[in-house]
Amino acid sequence: MKSNALQEAHQPAAGMDVLQLPLIGRALRHRHGRLTLQLLFTLVALALVIDGFIGPQSAARNLATIAPWVHLRGIVVLALLLAGNLICMGCPFTLPRTLAKRLSIQGRRFPQRLRNKWVAILSLFTLFFAYEYFDLWASPWLTAWLIIGYFVASFILEAAFAESAFCKYVCPLGSFNMVYSTLSPTRVTVKSPAVCASCVGHECVRGSYAPEPLIRIDQIPGGADGEARQLRVAHGPSGALGCGTELFAPQMRGNMDCTMCLDCVRACPHDNVSLFTRAAGAELGRADSWPRRWDMSLLVIALAFMGLSNAFGMVPPYYELQEWLALNLGVRSEFLALLLIFAAANLLLPLAAAVAAATLGRRFTGFSKRDSLRDTVAAFAPAFAPIGFGIWFAHYSFHLLVGPGLIVPVIQEFLGETGDWARWSFSLDSNPIGLLQLIVLIAGFLWSLRLAQKTAHRLYRRKALLGFLPWALVSLLLMLAAWQIFTLPMEMRGTLELFG
């Protein structure tokens, strides 16, 4: 039974094996490949903290603000689109899990009630709210403390729980990366489901590390004569860790919850797990890619609306709305006004839009009794990934391209040299930037329409158009609202002192 289940869960990978490439493949597969990236990212984080505390408190002249709030965000969305979740692969926050395994420390299981995406949605909301309320983009000192707080929180959770609870259930940056890595043209999968069905140890998820050496013999199909072959499997102190988020490689259906750390690749004794190319966003069009849960659906939908509100907080109508709240509703507290705006835009509005679209679609098609509201929202939720990514890409690319060279003199001054500001303080022309924003918004919108249309056809057949229209309207309104925001004067945060 287990053999059949595994073979049905996945067909053999058809794309190119990225890990077979001469240089990059060898580096990624290497036993210390991920650790090298983690140490590099740790050094970068330490540099940001040091400059945040003792460097100039000018946002445009400090690594703590210019690197994460201007450059890193633009690089992250580009990397997600082109290669997948590479940022999480090199994340230094999972180092305590490695140390705990080496010391044979067994953490507790994460509480059952919290094994979902509700905490991730709340942490994303909190991060974006704190970014706006505390003007993190303008404060190197606060940004340095945020990085430290991030380290402390992740270290505690990674050390306290057996699975990578911080990555899977809490981390706002990881949640963002996992959602939009579903669009990427790469994924971790297995080469042969038959080999996985015959595997005894399932090292891809359990790991091959053991305090004391252990030898096991597996009977693996695929010998030269067609018969099963014996394979010696060794566990020991030099073994690799398994999947931190406890994904079983032969049953993985996409990139959600995958940090692309490739620990499963290094742990597999049969060389049966690898990083393959695929059609971009392939999992978004499959009915069984994600579980039918409110938390999973609203994470993807809310992220699209959060991209809209995050950009809205940087244009004049946002401040006009604050004034309206103060004059008409007596909301004079900046904290309360921001909380009301963000709660409405980031939580209530996406929920209302999803419920309204699902309700209308079910009524128009006459399938109200067949499909539950939850299942209908879950079916259409993946269609929000492209339009959401388009909004975030358009926003982050604007900040990156406004001051693409600013990081150079900031690094020069951090290293004790004289920053060449005259050479690197340039801004690209606004017209090409605006054109790029329009292109990515339209591309994301059309991609979302295509996914929604496929879902409607799968659910409603002859009445697909009626079921599709409410969701198409939501995507259209999102795209038009984003374009309207991006045509307005936007604060050049982090570069204001140089270009203002």
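A few points on the structure. (Residues numbered from 1 in each chain as written. Predicted model: local features only at pLDDT ≥ 70, side-chain atom pairs only at ≥ 80, totals over all residues. Heavy atoms only, no water.)

## Considering the overall build of the protein chain
The condition is simple: Secondary structure elements are taken from DSSP: a helix is a run of H or I of four residues or more, a strand is a run of E of two residues or more, and numbering for both begins at the N terminus. For this analysis, residues touch if any pair of their heavy atoms sits within 4.5 Å.
Along the backbone of the protein chain there are 23 helices and 4 strands. By sequence separation, contacts in the protein chain at least 24 residues apart represent 80% of the contacts at least 6 residues apart.

## Some thoughts on the pairing of strand β4 (residues 273-277)
What counts, and what does not: Using a 1.4 Å probe on the protein chains alone, a residue whose accessible area is under 20% of its type maximum counts as buried, one over 50% counts as exposed, and one in between counts as partly exposed. The criterion for strand pairing is that DSSP finds at least two bridges linking the strands in question.
The buried fraction of β4 amounts to 4 of the 5 residues, a majority that puts the element mostly inside the structure. In terms of strand pairing, strand β1 (residues 186-190) meets β4 through 5 bridges, oriented antiparallel. Note that in β4 the partner of Arg 187 across the bridge is Phe 276.

## Description of a nonpolar patch on the surface
Filter applied, for reference: Each patch is assembled from residues with relative accessible area greater than 30% and no salt bridge, linking like charges that lie within 9 Å and nonpolar side chains (Val, Leu, Ile, Met, Phe, Trp, Tyr) that lie within 5 Å. Under the convention used here, a 1.4 Å probe and the Shrake-Rupley method define accessible areas, while residue burial counts only the protein chains that appear. Each salt bridge in this description consists of a side-chain nitrogen of Lys or Arg and a carboxyl oxygen of Asp or Glu lying within 4 Å of one another.
Together, Leu 43, Leu 46, Ile 50, Phe 53, Ile 54, Trp 141 and Trp 145 make up an exposed nonpolar region whose accessible area comes to about 750 Å². Counting only elements with at least two residues in the nonpolar patch, the list comes to α3 (33-54) and α8 (140-160). Broken down by element, the nonpolar patch gets its largest block of residues, 5 residues, from α3. Secondary-structure assignment places Phe 53 in helix α3. Judged by its relative accessible area of 30%, Phe 53 is partly exposed.

## As for unusual backbone geometry
Notably, Glu 246 is not glycine yet its phi reads approximately 60°, a positive angle. Along the chain, Glu 246 falls in the loop between β3 (229-235) and α13 (263-267). For Glu 246, a relative accessible area of 33% translates into the label partly exposed. Not every positive phi belongs to a glycine, and Arg 461 is a case in point at roughly 55°. For Arg 461, the location among the structural elements is in the loop between α21 (430-460) and α22 (464-486). Classification of Arg 461 as exposed rests on a relative accessible area of 53%.

## Some thoughts on the side chain of Asp 295
By the secondary structure assignment, Asp 295 is in helix α14 (residues 294-312). Among all residues touching Asp 295, those that are not within four sequence positions of it are Asn 116, Lys 117, Trp 118 and Ile 121.

## Here we look at the pairing of β1
Two faces, one strand: in a regular strand the side chains alternate between the faces of the sheet. Counted residue by residue, β1 has 5 buried out of 5 residues, so it is predominantly covered. On β1, burial covers both faces: Thr 186, Val 188 and Val 190 on one face and Arg 187 and Thr 189 on the other are all buried.

## Points about the layout of surface pockets
So the rule is basically this: For cavity detection a 1 Å grid was placed over the protein atoms alone, and a set of points counts as a cavity when a 1.4 Å probe fits there but cannot get out; an open set counts as a pocket when protein lies on both sides within 12 Å along at least five of seven lines, with lining residues being those that have an atom within 4 Å of a point. Grid points are joined across faces, edges and corners, and a volume is the space filled by probe spheres set on the points. Each residue is assigned to one of three groups, with Ala, Val, Leu, Ile, Met, Phe, Trp, Tyr, Cys and Pro labelled nonpolar, Asp, Glu, Lys and Arg labelled charged, and all others, Gly among them, labelled polar.
Considering only enclosed or pocket space, the largest pocket measures out at about 1200 Å³ in volume. Along its surface, the largest pocket is lined by 43 residues, and Pro 68, Leu 72, Val 76, Ile 87 and Leu 173 are the ones closest to its centre. Elements that contribute at least two residues to the lining of the largest pocket include exactly α3, α4 (63-82), α5 (86-89), α7 (118-133), α8, α10 (172-180) and α19 (407-414). Looking at the lining of the largest pocket element by element, the count peaks at 9 residues for α4. Considering only residue class, the lining of the largest pocket consists of 35 nonpolar, 7 polar and 1 charged.

## Section: the packing of α21 against α22
We apply this condition: Here an axis means a line fitted to C-alpha atoms, over the contact stretch when the element is a helix, while the angle between two N-to-C directions is reported on a 0 to 180 degree scale. Here the angle decides the label: under 35 degrees means roughly parallel, over 145 means roughly antiparallel, 65 to 115 means roughly perpendicular, and every other value means oblique. Here a crossing is taken to be left-handed if its near helix is turned anticlockwise relative to the far helix by less than a right angle, and right-handed if that turn runs clockwise.
Viewed as axis vectors pointing N to C, α21 and α22 meet at an angle of 165°, and their least axial separation amounts to 9 Å. In this view, α21 runs roughly antiparallel relative to α22, as classed from their interaxial angle. Viewed along their axes, α21 and α22 form a crossing whose handedness is right-handed. Contact with α21, carried on its side by Gly 434, Gln 437, Leu 438, Leu 441, Phe 445, Ser 448, Leu 449, Ala 452, Gln 453, Ala 456, His 457 and Tyr 460, involves Ala 464, Gly 467, Phe 468, Trp 471, Ala 472, Ser 475, Leu 476, Met 479, Ala 482, Trp 483 and Phe 486 of α22 and no other residues of that element. Its residues placed into classes, the contact of α21 with α22 shows 16 nonpolar, 7 polar and no charged.

## A look at the packing of aromatic side chains
Here the distance between the centres and the angle between the planes together describe a pair of aromatic rings. Condition: Any pair of Phe, Tyr and Trp rings, taking the six-membered ring for Trp, is counted once the centres come within 6.5 Å. Such a pair is stacked with planes under 30 degrees apart, edge-to-face with planes over 60 apart, and tilted for the rest. The rule is short: NZ of Lys or CZ of Arg within 6 Å of the ring centre and within 35 degrees of the ring normal puts a charge over the ring.
Under the defined criterion, the tally for this structure stands at 25 aromatic pairs. Their ring planes at 70° and their centres at 5.3 Å tell us that Phe 53 and Trp 145 sit as a pair that is edge-to-face. In this pair, Phe 53 is assigned in helix α3 and Trp 145 in helix α8, connecting sequence segments 92 residues apart. The exposure class assigned to Trp 145 is partly exposed, which follows from its relative accessible area of 44%. The structure contains a cluster of three or more aromatic residues connected by ring pairs, namely Phe 128, Phe 176, Tyr 180, Phe 389, Trp 392, Phe 393 and Tyr 396. Here the guanidinium or amino end of Arg 61 rests over the ring plane of Trp 421, the centre of that ring lying 4.3 Å away.

## A closer look at α21
Rules: A helix is expected to reach a length of 1.5 Å times the quantity of its residues less one. Here a polar contact is recorded for every N or O atom pair within 3.5 Å, except that within protein the pair must consist of a potential hydrogen donor and a potential acceptor, and residues adjacent in sequence are included only if both atoms are side-chain atoms.
Spanning 31 residues, α21 covers 44 Å between terminal C-alpha atoms, matching the ideal 45 Å at 1.5 Å per step. Put simply, Asp 429 is the residue that caps the front of α21, since its side-chain oxygen is 2.9 Å from the backbone nitrogen of Asn 431. Phi turns positive one or two residues past the end of α21, at Arg 461, with a value near 55°.

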